[in-house]
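Here are the chains, one letter per residue:
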Amino acid sequence: MSDIIVAVDGPAGSGKSSVSKEAALRLGWAYLDTGAAYRALAWHCLDEGVDTEDADAVVARLADFDYSIGMDPQHYFVRVGGEEITRDIREPRVSAVVSHIARVPEVRVGLNDLFRRLMAENPKDGVIVEGRDITTVVAPDAPVRVLLTASAEARMARRSAELSAVSAEATAQQLASRDAQDSRVVDFMNAAEGVTTLDSTDLDFEQTVLALLDIVHARTP
Ligand code: CDP
Ligand code: CDP
């Protein structure tokens with residue numbers, strides 16, 4: 001097991017993935033993107049022609065879900081069945097259905113087992129794990145637990161900045177809809193007891209990375 005686990009949760013566009021990955025890089029630690037596993041399973045279902053609203057059919061795919069992820073922040077990748085799908089899992093068609101599979105309890109239990117195994121096998125001194133329920137379900141005993149937030153406006157603006165103006169509006173709507181669906185399953189908008197809130201609304205990327213590193217340093221030897 002990694003000596004130090006840093007658990008980071010938050011809504012879409014709060015900066016979880018990019019900030020956690022950069023902080024892990026600077027610490028020389030591993031980085032685990034749990035959302036990538038949900039996205040990869042959603043991609044796998046689409047690839048196999050499985051109806052993502054059919055919970056039984058989705059759970060059946062979990063049995064042959066041959067998933068691997070790069071936890072070295074310098075060599076991040078996502079593969080299913082040996083096929084690299086690192087970029088494919090970010091496509092809007094995957095974002096549109098990922099919440100369907102994430103609300104299936106058996107999927108959450110199965111993926112949480114996978115996350116705990118990946119954390120246990122990590123050879124580095126620490127790991128930053130980010131998602132929606134890491135501080136509360138996956139690693140509630142982690143020495144460092146952070147809820148990364150940002151106003152809805154800031155989160156939409158960040159996502160839009162990554163896209164063309166044409167798709168920005170559609171993406172903003174999809175992001176709000178996904179957060180609403182996900183919130184019914186896991187509460188990632190309010191910090192659980194003992195979890196430190198880091199509000200990045202008025203922080204740029206570098207300031208957010210430094211703020212996360214400050215929290216890590218304050219809570220670890
Ligand atoms: O990057 P973004 O915040 O848009 O999403 P993500 O972290 O890639 O997660 C994709 C989806 O996976 C979320 O919308 C949730 O439905 C699901 N997820 C989850 O349920 N629990 C997690 N720990 C991580 C992701
Ligand atoms: O993983 P999550 O959906 O929470 O967000 P992300 O994909 O890591 O971040 C979305 C975008 O916001 C990225 O392009 C980040 O570089 C950017 N960002 C920012 O502009 N300012 C911050 N304080 C944090 C992230």
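In short, a report on the structure. Model, not experiment: these values are computed from the prediction.

As for the site of ligand 2
Here's step 1: Around ligand 2 there are 15 residues in total, and Ser17, Ser18, Arg159, Glu162 and Thr208 lie nearest to it.
Here's step 2: A distance of 2.8 Å separates an oxygen atom of ligand 2 from a polar atom in the backbone of Gly13.
Here's step 3: Asp204 places a polar main-chain atom, nitrogen or oxygen, 3.3 Å from a nitrogen atom of ligand 2.
Here's step 4: Across the complex, the protein chains shield 80% of the 540 Å² of accessible surface that ligand 2 would expose by itself.
Here's step 5: The element contributing the most residues to the shell around ligand 2 is helix H1 (residues 16-27), with three residues.
Here's step 6: Its residues assigned to classes, the shell around ligand 2 comprises four nonpolar, six polar and five charged.

Structural notes on the site of ligand 1
Here's step 1: Near ligand 1 you find 18 residues, and of these Arg39, Arg108, Asp133, Arg178 and Asp182 are the closest.
Here's step 2: The separation between an oxygen atom of ligand 1 and a polar side-chain atom of Arg159 is 3.2 Å.
Here's step 3: In the model, an oxygen atom of ligand 1 is placed 2.7 Å from a nitrogen or oxygen of the Arg178 side chain.
Here's step 4: When ligand 1 sits alone it has 530 Å² of accessible area, and the protein chains cover 98% of it.
Here's step 5: Contributing elements (two or more residues each) for the shell around ligand 1: helix H2 (34-47), helix H4 (92-102) and helix H8 (165-183).
Here's step 6: The biggest single contributor to the shell around ligand 1 is H2, with four residues.

Overview of the pattern of salt bridges
Close approach of charged atoms lets side chains of opposite charge pair.
Here's step 1: Counted according to the given criterion, the structure contains twelve salt bridges.
Here's step 2: The residue Arg90 makes a salt bridge to Asp33 at a minimum N-O spacing of 3.1 Å. A residue pair is termed long-range when its members are at least 10 positions apart, and Arg90 in the loop between strand E5 (83-84) and H4 and Asp33 in strand E2 (residues 30-33) qualify at 57 residues.
Here's step 3: You can call Arg90 partly exposed: its relative accessible area is 39%.
Here's step 4: Under the relative-accessibility criterion, Asp33 is labelled buried at 4%.
Here's step 5: The salt bridge involving Lys124 is made with Asp72; its shortest N-O contact spans 4.0 Å. Linking Lys124 in the loop between helix H5 (105-121) and strand E6 (126-131) with Asp72 in the loop between strand E3 (67-69) and strand E4 (78-80), this pair joins segments that are 52 residues apart in sequence.
Here's step 6: The structure contains a network of salt bridges with shared partners spanning Glu22, Arg26 and Glu206.

Conventions used here
Residues numbered from 1 in each chain as written. Chains lettered and ligands numbered in written order. Predicted model: local features only at pLDDT ≥ 70, side-chain atom pairs only at ≥ 80, totals over all residues. Heavy atoms only, no water. Near = heavy atom within 4 Å. Polar contact = N/O pair within 3.5 Å; in protein donor to acceptor, adjacent residues only side chain to side chain. Areas by Shrake-Rupley, 256 points an atom, 1.4 Å probe, with all protein chains shown as cover. Helix = DSSP H or I, 4+ residues; strand = E, 2+ residues; numbered from the N terminus. Nonpolar A, V, L, I, M, F, W, Y, C, P; charged D, E, K, R; others polar. Salt bridge = Lys/Arg side-chain N within 4 Å of Asp/Glu carboxyl O. Buried < 20%, exposed > 50% of the residue type's maximum accessible area, 1.4 Å probe, protein only.

The values are spatial; any link to function lies outside them.
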